[in-house]
Amino acid sequence: MSADPYSQKWRAFAAIGVSMTTMVMSMSMVFVALPSIADDFEITLREVGWVVIVQALTISSLMLPMGRIADLIGRRRMHLIGLVVFAVGTSLVAAAPTFGILIAARVVMAAGNAMSQSVGTAMVVTVFPPEERGKAIGSPTTAVAVGAASGPILGGLLLQLFPWRMLFLLLVVPIAIAFVMAI
(Lines give C-alpha, C1' and ligand atoms only; values in the text may rest on other atoms or scores of the structure.)
Protein backbone atom coordinates (compact mmCIF):
# COMPACT_ATOMS: atom_id res chain seq x y z
CA MET A 1 0.00 0.00 0.00
CA SER A 2 1.12 3.53 -0.62
CA ALA A 3 2.18 6.02 2.02
CA ASP A 4 -0.65 8.29 0.80
CA PRO A 5 -2.44 9.57 3.94
CA TYR A 6 -5.77 9.20 2.18
CA SER A 7 -5.21 5.55 1.40
CA GLN A 8 -7.61 2.85 2.48
CA LYS A 9 -5.70 1.94 5.62
CA TRP A 10 -5.74 5.49 7.00
CA ARG A 11 -9.37 6.09 6.07
CA ALA A 12 -10.31 2.87 7.86
CA PHE A 13 -8.24 3.86 10.88
CA ALA A 14 -9.76 7.36 10.93
CA ALA A 15 -13.31 6.00 11.08
CA ILE A 16 -12.42 3.51 13.79
CA GLY A 17 -10.14 5.93 15.65
CA VAL A 18 -12.84 8.58 15.94
CA SER A 19 -15.31 6.04 17.31
CA MET A 20 -12.82 4.48 19.73
CA THR A 21 -11.68 7.85 21.04
CA THR A 22 -15.27 8.98 21.55
CA MET A 23 -16.40 5.78 23.23
CA VAL A 24 -13.48 5.69 25.63
CA MET A 25 -13.89 9.42 26.27
CA SER A 26 -17.52 8.73 27.23
CA MET A 27 -16.28 6.31 29.87
CA SER A 28 -13.72 8.67 31.38
CA MET A 29 -15.67 11.95 31.16
CA VAL A 30 -18.58 10.62 33.19
CA PHE A 31 -16.45 10.61 36.35
CA VAL A 32 -16.45 14.40 36.53
CA ALA A 33 -20.21 14.49 35.94
CA LEU A 34 -21.14 12.09 38.78
CA PRO A 35 -21.74 14.81 41.40
CA SER A 36 -24.00 16.72 38.99
CA ILE A 37 -25.92 13.56 38.11
CA ALA A 38 -26.33 12.71 41.80
CA ASP A 39 -27.64 16.22 42.53
CA ASP A 40 -30.01 16.12 39.57
CA PHE A 41 -31.58 12.82 40.63
CA GLU A 42 -31.25 13.55 44.36
CA ILE A 43 -29.26 10.39 45.05
CA THR A 44 -26.07 9.67 46.94
CA LEU A 45 -22.61 9.49 45.41
CA ARG A 46 -22.60 5.80 46.33
CA GLU A 47 -25.75 5.22 44.25
CA VAL A 48 -24.53 7.30 41.31
CA GLY A 49 -21.47 5.04 41.15
CA TRP A 50 -23.71 2.58 39.30
CA VAL A 51 -23.47 4.87 36.28
CA VAL A 52 -19.85 3.76 35.96
CA ILE A 53 -20.24 0.21 37.25
CA VAL A 54 -23.05 -0.78 34.89
CA GLN A 55 -21.10 0.43 31.88
CA ALA A 56 -17.94 -1.44 32.87
CA LEU A 57 -19.85 -4.66 33.59
CA THR A 58 -21.77 -4.47 30.32
CA ILE A 59 -18.72 -3.82 28.17
CA SER A 60 -16.70 -6.53 29.94
CA SER A 61 -19.42 -9.12 29.59
CA LEU A 62 -20.30 -8.36 25.96
CA MET A 63 -16.93 -7.71 24.34
CA LEU A 64 -16.07 -11.35 23.64
CA PRO A 65 -19.56 -12.47 22.49
CA MET A 66 -19.84 -9.42 20.22
CA GLY A 67 -16.51 -10.29 18.64
CA ARG A 68 -17.77 -13.79 17.93
CA ILE A 69 -21.06 -12.52 16.49
CA ALA A 70 -19.03 -10.14 14.32
CA ASP A 71 -17.16 -13.15 12.96
CA LEU A 72 -20.53 -14.51 11.83
CA ILE A 73 -22.23 -11.36 10.50
CA GLY A 74 -19.22 -9.28 9.51
CA ARG A 75 -17.00 -6.87 11.40
CA ARG A 76 -18.04 -3.79 9.47
CA ARG A 77 -21.72 -4.53 10.04
CA MET A 78 -21.10 -5.08 13.76
CA HIS A 79 -19.15 -1.83 13.95
CA LEU A 80 -21.91 0.16 12.24
CA ILE A 81 -24.65 -1.40 14.38
CA GLY A 82 -22.55 -0.68 17.46
CA LEU A 83 -22.25 2.98 16.51
CA VAL A 84 -26.02 3.28 16.12
CA VAL A 85 -26.71 1.47 19.41
CA PHE A 86 -24.14 3.66 21.18
CA ALA A 87 -25.69 6.86 19.76
CA VAL A 88 -29.20 5.75 20.75
CA GLY A 89 -28.01 4.85 24.26
CA THR A 90 -26.17 8.14 24.59
CA SER A 91 -29.27 10.07 23.56
CA LEU A 92 -31.37 8.08 26.03
CA VAL A 93 -28.91 8.87 28.83
CA ALA A 94 -29.18 12.57 28.05
CA ALA A 95 -32.98 12.41 28.10
CA ALA A 96 -33.39 10.05 31.08
CA PRO A 97 -36.18 11.32 33.36
CA THR A 98 -35.29 8.93 36.21
CA PHE A 99 -32.13 7.37 37.54
CA GLY A 100 -33.38 3.87 36.68
CA ILE A 101 -33.88 4.85 33.05
CA LEU A 102 -30.43 6.44 33.03
CA ILE A 103 -28.92 3.15 34.20
CA ALA A 104 -30.85 1.19 31.53
CA ALA A 105 -29.70 3.69 28.90
CA ARG A 106 -26.08 3.26 30.07
CA VAL A 107 -26.46 -0.48 29.44
CA VAL A 108 -27.63 0.25 25.88
CA MET A 109 -24.77 2.72 25.41
CA ALA A 110 -22.25 0.18 26.73
CA ALA A 111 -23.64 -2.58 24.50
CA GLY A 112 -22.99 -0.37 21.47
CA ASN A 113 -19.53 0.37 22.81
CA ALA A 114 -18.77 -3.36 23.14
CA MET A 115 -20.08 -4.02 19.63
CA SER A 116 -17.81 -1.43 18.01
CA GLN A 117 -14.73 -1.86 20.16
CA SER A 118 -14.78 -5.64 19.85
CA VAL A 119 -13.97 -5.32 16.14
CA GLY A 120 -12.08 -2.02 15.90
CA THR A 121 -8.50 -3.20 16.16
CA ALA A 122 -9.19 -6.30 14.07
CA MET A 123 -10.60 -4.14 11.28
CA VAL A 124 -7.57 -1.85 11.31
CA VAL A 125 -5.15 -4.80 11.34
CA THR A 126 -6.97 -6.24 8.31
CA VAL A 127 -6.33 -3.18 6.11
CA PHE A 128 -2.68 -2.64 7.07
CA PRO A 129 -0.03 -4.75 5.34
CA PRO A 130 1.69 -7.40 7.50
CA GLU A 131 4.94 -5.39 7.70
CA GLU A 132 2.97 -2.57 9.40
CA ARG A 133 1.28 -4.79 11.99
CA GLY A 134 2.75 -2.79 14.89
CA LYS A 135 1.40 0.44 13.42
CA ALA A 136 -1.97 -1.24 12.89
CA ILE A 137 -2.19 -2.27 16.54
CA GLY A 138 -0.62 0.87 17.95
CA SER A 139 -2.89 3.32 16.15
CA PRO A 140 -6.17 2.17 17.78
CA THR A 141 -4.36 1.88 21.10
CA THR A 142 -3.33 5.51 20.76
CA ALA A 143 -6.95 6.48 19.97
CA VAL A 144 -8.04 4.74 23.18
CA ALA A 145 -5.37 6.54 25.20
CA VAL A 146 -6.37 9.92 23.75
CA GLY A 147 -10.01 9.24 24.65
CA ALA A 148 -9.14 8.19 28.20
CA ALA A 149 -6.92 11.21 28.79
CA SER A 150 -9.15 13.81 27.15
CA GLY A 151 -12.45 12.65 28.69
CA PRO A 152 -12.06 14.23 32.14
CA ILE A 153 -10.54 17.39 30.70
CA LEU A 154 -13.23 17.90 28.08
CA GLY A 155 -15.94 16.80 30.50
CA GLY A 156 -14.78 19.29 33.12
CA LEU A 157 -14.66 22.13 30.61
CA LEU A 158 -18.10 21.33 29.24
CA LEU A 159 -19.60 21.06 32.73
CA GLN A 160 -18.50 24.65 33.34
CA LEU A 161 -20.75 25.74 30.46
CA PHE A 162 -23.53 23.16 30.19
CA PRO A 163 -25.59 20.75 32.31
CA TRP A 164 -24.29 17.16 32.53
CA ARG A 165 -26.82 15.95 29.94
CA MET A 166 -25.04 17.97 27.27
CA LEU A 167 -21.91 15.82 27.74
CA PHE A 168 -23.86 12.89 26.36
CA LEU A 169 -25.65 14.77 23.61
CA LEU A 170 -22.36 16.10 22.31
CA LEU A 171 -21.01 12.54 22.01
CA VAL A 172 -23.53 11.87 19.26
CA VAL A 173 -21.72 14.28 16.92
CA PRO A 174 -18.39 12.43 16.60
CA ILE A 175 -20.22 9.09 16.55
CA ALA A 176 -22.33 10.31 13.63
CA ILE A 177 -19.15 11.45 11.88
CA ALA A 178 -17.54 8.04 12.53
CA PHE A 179 -20.66 6.33 11.15
CA VAL A 180 -20.54 8.33 7.91
CA MET A 181 -16.79 7.68 7.61
CA ALA A 182 -17.32 3.95 8.20
CA ILE A 183 -19.94 3.69 5.49
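Residues numbered from 1 in each chain as written. Predicted model: local features only at pLDDT ≥ 70, side-chain atom pairs only at ≥ 80, totals over all residues. Heavy atoms only, no water.

K.L.:
Describe the layout of surface pockets, listing the residues and the values that go with them.
P.N.:
In this structure, the largest pocket occupies an estimated 180 Å³ of space. Every residue lining the largest pocket is listed: A12, A15, I16, R76, H79, M123, V124, V127, M181, A182 and I183. Going through the elements one at a time, α1 (8–41), α4 (75–95), α5 (99–127) and α7 (164–182) are the ones with two or more residues in the lining of the largest pocket. Among the residues forming the lining of the largest pocket, the class breakdown is nine nonpolar, one polar and one charged. (1 Å grid on protein atoms, 1.4 Å probe; cavity = no way out; pocket = protein on both sides within 12 Å on 5 of 7 lines; lining within 4 Å. Points joined across faces, edges and corners; volume = space filled by probe spheres on them. Helix = DSSP H or I, 4+ residues; strand = E, 2+ residues; numbered from the N terminus. Nonpolar A, V, L, I, M, F, W, Y, C, P; charged D, E, K, R; others polar.)

K.L.:
I'd like a rundown of the side chain of T21, residues and numbers included.
P.N.:
Along the chain, T21 falls in helix α1. Setting aside residues up to four positions removed in sequence, T21 forms contacts with A143, V146 and G147. (Contact = heavy atoms within 4.5 Å.)

K.L.:
Which residues make up the pattern of salt bridges, and what values do they have?
P.N.:
Throughout the structure, instances matching the rule amount to three salt bridges. A salt bridge links E132 to K9; the nearest nitrogen and oxygen atoms lie 2.7 Å apart. One end of the pair, E132, is in the loop between α5 and α6 (133–161); the other, K9, is in helix α1, with 123 residues separating them in the sequence. Neither residue differs from the other here; E132 and K9 are each classed as buried. Among the ionic contacts, a cluster of salt bridges with common partners joins K9, E132 and K135. (Salt bridge = Lys/Arg side-chain N within 4 Å of Asp/Glu carboxyl O. Buried < 20%, exposed > 50% of the residue type's maximum accessible area, 1.4 Å probe, protein only.)

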